[in-house]
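# Remarks on the overall topology
Residues per chain are reported as follows:
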Amino acid sequence: MAADWIVFWVCAPISIGSAIAMLLQRNAVHAALFLIVNLFTVAVLYLVLGAPFLFAVQIIVYAGAIMVLFLFVIMLLGVDREERLVERLRGQRTAAILLGLGVVGEVVFAIRAGVGFSTRAPAGFGAANGGGNPQALGRLLFRAYFLPFEVTSILLMVAAVAAMVLARRRERPVASAERRAQEPIEPSEPSEPSEPREEEPVG
Amino acid sequence: MDWLDWLLLAARVVVVFFVLLLSVILLVWVERKVVADMQTRKGPMRAGPRGVLVSLADGIKLFFKEGITPALADRPVYLIAPIVSMLPAFLAFAVIPFGTGVTLFGRRVPFQIADLNVGILWVLAMSSMMVYGIVLAGWSSGSNYPLLGSIRSSAQMISYEVGMALALVSVLMYSGHLRMTQIVAAQDRVWNVVPQLPAFVIYLIAGLAETNRPPFDLPEAETELVAGYHTEYSGIKFAMFYLAEYLNTVTVAAIATTLFLGGWRGPHPEHLAWLWPILWFVVKVLAIIYAYIWIRATLPRFRYDRLMAFGWKVLIPFGLVWVLATGAVIVLPDVYGRRPVVIGAAAVLAVVLLLSLLWSALARRRETVEAPS
Amino acid sequence: MIRLPLVLFFSAVLFSAGVYGVLARRNAVLVLMSIELMLNAVNVNLIAFSQALHDLTGQAFALFVIAVAAAEVGIGLAIVILIYRNRETINIDEVNLLKW
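Given the structure is predicted, the values throughout are model-derived calculations rather than measurements. (Residues numbered from 1 in each chain as written. Chains lettered and ligands numbered in written order. Predicted model: local features only at pLDDT ≥ 70, side-chain atom pairs only at ≥ 80, totals over all residues.)

Further remarks concern the overall build of chain B. When you go through chain B residue by residue, the secondary structure sums to twelve helices and two strands. When the helices and strands of chain B are placed in sequence order, the string is α-α-α-β-β-α-α-α-α-α-α-α-α-α. Rg of the C-alpha trace for chain B: 22 Å, near the compact-globule value of 21 Å for 373 residues, within the 12% margin. Counting only C-alpha atoms and orienting by the principal axes, one finds that chain B spans roughly 75 × 70 × 45 Å. (Helix = DSSP H or I, 4+ residues; strand = E, 2+ residues; numbered from the N terminus. Rg over C-alpha atoms; globule rule 2.2 N^0.38 Å.)

Right, let's talk about the overall build of chain A for a bit. For chain A, the count of helices and strands is seven helices and zero strands. In chain A, the order of α-helices and β-strands from amino to carboxyl end is α-α-α-α-α-α-α. Restricting to contacts in chain A with at least 6 residues of sequence separation, those with at least 24 account for 61%. (Contact = placed C-beta atoms within 7 Å.)

This part covers the domain arrangement of chain A. By the assigned domains, chain A splits into domain 1 (1-86) and domain 2 (131-170). Between the C-alpha centres of domain 1 of chain A and domain 2 of chain A the distance comes to 23 Å. (Domains from an automatic or database assignment.)

A separate point is the packing of helix H1 (residues 3-38) of chain B against helix H10 (residues 275-298) of chain B. Residue and element names in this part refer to chain B. Two numbers describe how H1 lies on H10: the axes approach to 10 Å, and their chain directions differ by 45 degrees. Judged by the inter-axis angle, H1 sits oblique to H10. The two elements H1 and H10 cross, and the hand of that crossing is right-handed. Seen from H1, the contacting residues are Leu27, Glu31, Val34, Val35 and Met38; seen from H10, they are Ile289, Tyr290, Ile293, Arg296 and Ala297. For the contact of H1 with H10, the per-class residue count stands at eight nonpolar, no polar and two charged. (Axes fitted to C-alpha atoms, helices over the stretch in contact; angles between N-to-C directions. Parallel < 35°, antiparallel > 145°, perpendicular 65-115°, else oblique. Left-handed = near helix turned anticlockwise from the far one by under 90°. Nonpolar A, V, L, I, M, F, W, Y, C, P; charged D, E, K, R; others polar.)

Per-residue pLDDT for chain B averages 82, and the proportion of residues at 70 or more is 95%. Scored as a complex, the prediction yields pTM 0.82 and ipTM 0.88. (pLDDT = per-residue confidence, 0-100.)

Residues and elements named next belong to chain B. By domain assignment, chain B separates into domain 1 (61-302) and domain 2 (305-373). Computed from C-alpha atoms alone, the centre-to-centre distance between domain 1 and domain 2 is 27 Å. Elements represented by at least two residues in the side of domain 1 that touches domain 2 include exactly helix H5 (144-175) and helix H7 (197-210). With twelve residues, the single largest contributor to the side of domain 1 that touches domain 2 is H5. In terms of residue class, the side of domain 1 that touches domain 2 is built from 16 nonpolar, four polar and no charged.

By size, the foremost hydrophobic cluster in this structure holds 177 residues, and its most contacted members are Ala32(A), Met67(A) and Val29(C). With 22 residues, helix H3 (residues 52-77) of chain A is the largest single contributor of residues to this core. (Core = buried A, V, L, I, M, F, W, Y, C linked by C-beta atoms within 7 Å. Buried ≥ 20, exposed ≤ 12 C-beta atoms within 10 Å, placed from the backbone.)

Residues and elements named next belong to chain B. Mapped onto the fold, Asn248 is located in helix H9 (residues 235-260). The sequence separation of Asn248 and Met86 amounts to 162 residues, and the corresponding C-alpha distance is 8.2 Å. Once residues lying within four places of it in the same chain are set aside, the contact partners of Asn248 are Ala89, Met130 and Thr211.

Turning next to the interface of chain B and chain A. The interface is formed by 26 residues belonging to chain B together with 22 residues belonging to chain A. Listing elements by their share of the side of chain B that touches chain A, those giving two or more residues are helix H4 (119-140), H5 and helix H11 (304-336) of chain B. Among the elements that take part in the side of chain B that touches chain A, H4(B) stands out by supplying nine residues, more than any other. Residues belonging to the side of chain B that touches chain A are distributed by class as follows: 18 nonpolar, six polar and two charged.

We now examine the interface of chain C and chain A. Each partner contributes to the interface: chain C provides 54 residues, whereas chain A provides 69 residues. Secondary structure elements with two or more residues in the side of chain C that touches chain A: helix H1 (4-24), helix H2 (28-52) and helix H3 (57-87) of chain C. The element best represented in the side of chain C that touches chain A is H3(C), accounting for 22 residues. In the side of chain C that touches chain A, the residues fall into 41 nonpolar, nine polar and four charged.

Residue and element names in this part refer to chain B. Between H1 and H9, the shortest axis-to-axis distance is 9 Å and the interhelical angle comes to 100 degrees. If you check the angle between H1 and H9, you find them roughly perpendicular. Only Leu243, Tyr246, Leu247 and Val250 of H9 make contact with H1, whose side of the interface consists of Leu20, Ser23, Val24, Leu27 and Val28. Each residue belonging to the contact of H1 with H9 can be placed in one class, and the counts come to eight nonpolar, one polar and no charged.

All names here are of chain B. Bending of helix H3 (residues 75-93) peaks at approximately 35 degrees at the position of Ala81, with proline Pro82 no more than four residues after it. Within the sequence span of H3, burial applies to Tyr78, Ala81, Pro82, Val84, Ser85, Pro88, Ala89, Ala92 and Phe93. Here the buried face of H3 lies against H1, H4 and H9. (Bend = angle between axes of the 7 residues up to and from the residue.)

What follows concerns helix H1 (residues 3-24) of chain A. In a regular helix each residue adds 1.5 Å, so 22 residues correspond to 32 Å; H1(A) covers 32 Å between its end C-alpha atoms and thus fits that length. Taken together, the buried positions of H1(A) are occupied by Phe8(A), Ala12(A), Ser15(A), Ser18(A), Ala19(A), Met22(A) and Leu23(A). Buried residues of H1(A) fall within an arc of 145 degrees about the axis and therefore sit on the same side. Exposed residues on H1(A) whose side chains face more than 90 degrees from its buried face are Ile6(A), Val10(A), Pro13(A) and Leu24(A). Lining the buried residues of H1(A) we find helix H2 (28-48) of chain A together with H1 and H2 of chain C. (Expected span 1.5 Å × (residues − 1). Arc of directions from axis to C-beta.)

Right, here's the structure in full:
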C-alpha cells in the first residue's frame, strides 16, 4: 500500500466533507474557514499527483491571499450575520437531489466510457519533470506558453486597477464641482490630502 | 525508509519543537534585558540569576490563570485561533537547515526536518498563513477593538507579503535553487547578503511587518486599540499568542539567516565538526533578533496610512526594480556577452530607475510637508 | 499511484458542491467562494490528467486558472463592496434591479 494512496484517502474525504460543511454553514466566516480546509487538502492532493509547485502556489495564492481577502471583506462589511438557508421554491430540494443523482450517473458512465475504472497513471512521470517540477513548469511557461503568461499578467494588472477604482469611495461630483466653482482664484490648487484608502488591491 | 529513519525524523521534530519553545522563553528575557539596557534600566532581576527565569514565571502564572471566554465570542473559532497562530511558525521551521548533520547508527542525519524541493515556496506559504491566527482571534472575540486590530492586520500582512515575496524571488533567481540546502550550498564563497543587500533590507522590513513587531505593531497598538486582536484573551490562550509572536520572530530571523547570511556556514576547527555550524547558525539568528530589538527600542510606531503607503509605494516598487536588476545581471551576460557597452548601459538604466524612484519618494514627502492641512 | 477515475470522481463531487453553492446560497460572498470551489475542482482534473498523460501542460493551465481566479476574486469582491455601499445588503435575492 503506497503512501500516496493513504494520503489520498485521508485528504479526499476531509476535502469533500469540508466543502459540504461550507455549503451548510450559515455563518459566512465559518464557511470561509471550511473552504480554507478544503483548499489545503486539495493542495496536498496536488502534491500526491506530482505537482509540488502547484501545491505551494495553491497555499500561497488561495489560502494565503484570496481567502484572507474574503475574510477581510466579510469583516469589513460586517455581513457575518446568519443567513437563512430555507429554500423558497417548493420541491426544489427534491428536484436538486434527483438531478444530482442523474449527474452522478452521467459522470460514472462518462468515466467508464472515457478512461475506464481501473486506469492508473503510467509510471515515469518523472521524465516530464526533468530537472525538478518547478524548473520544468517554468520552461514550459516561458517557452510554449509565453504569450498567455504575459496576457495573464496584464489581466492581473487590469484587475488590480479595476478593483481599486471600483472600491474607491468617491466624493459626490456635484459637491466637488460646487466647491471648485466657489473658489476659482486659487493659483495652484494644492492636491487634496489623500485620505487613507479603504481597500488595498491584491492581485 | 525503515523504522530507524522514521524514529530519527520523529526525534528531530521533537527536538526542534522543544528547542524553539525554550528559545522563546530565553528570547523574551533577552528582549526585555536589551531594551532595558538601551533605556539604561536594569530590566527583570528577581527570578533566577539576573532575571533569566522571568518568562518561565510569567508562563506558569498565565498557565494557572482563569481562561475567560467572552459571552459574544464565537466559541470554536475563539478556541482554535491561538493554535492557528502558532502552527505556521513551527511548520516554516521544518525546511530550515540549522547544521550540517551527524552520522548516527551508520546513517547520515541532516540537521533539518524535511528538505522539500519547493523549500523557499514553503516558507512563503507558511508566512502567508501567519495572518490567520490574528484575523480569526480578532473576529471571534465579538468585540470592536479586536476586530479593528484584525482588519488592520489582514491588510498589513497581505501588503507586506508581496514585498517579502519579491525579496525571496530575487534571492531565488540569484542562487537558482528552490531547495534550502542548495541555497545554503550556493553561498559557500560569498553570502547572499553581499550581492543581494537590497533584498535583505526589504526582507527584514517586511519581516518586521509580518511578525507585527514594533514599529509595525499596529494590530496591537495599545494607544489606539487597547491590546488589539488579543484584547479578549486571557490565561493560556493569551500565552499562546505571545509565544506565537516570538516564534514568528525566531522563524523570520532563521529564514533570513538561511537565505542571506549563509545559514550554518562559518569558519570552524575540525574538532567537533557537527557542533560548530549549529553555533554559527544560532549566533547569526541572534544577531538579526538583536537588530529587531534595537529597531523596537529606537523607532516609534508608524501611523496606519503611512504604513500602507510605505508598503505599496516604496517597498514593492523598490522590490520590483531589484528583481528586474537581478534578472538583468543574470541573463544579459548570457545573451549579449560581457561587452562593456551593455554593462554600462544597464548600469546607467539602473541608476536612472533608482534615482527616479528616490526622486518621486522625496517629491511626495515635500508635498506632504508643504501642504499640511 | 492513485487510480485516475478516483480523482475524477473526487473532483466531480467538489464541482457539484460548488454548483450547489452558487445556486443555493444568497450571500454574494458565499457565491464567490463556491465559484472558487468549482475552479479548484477543475484544477484537480487538470493536474490528474497532466500526471496521467505525462504532459506538464495541464499544470501550466492550472497555474493560469489560479491567476485568473485571483483576478476574478479581486473584481468580484470590489463589486460586492460597491453593492453593499449602495444597497446596504449583499443578499443577491434583494439585488434585483435588473429584474422586473
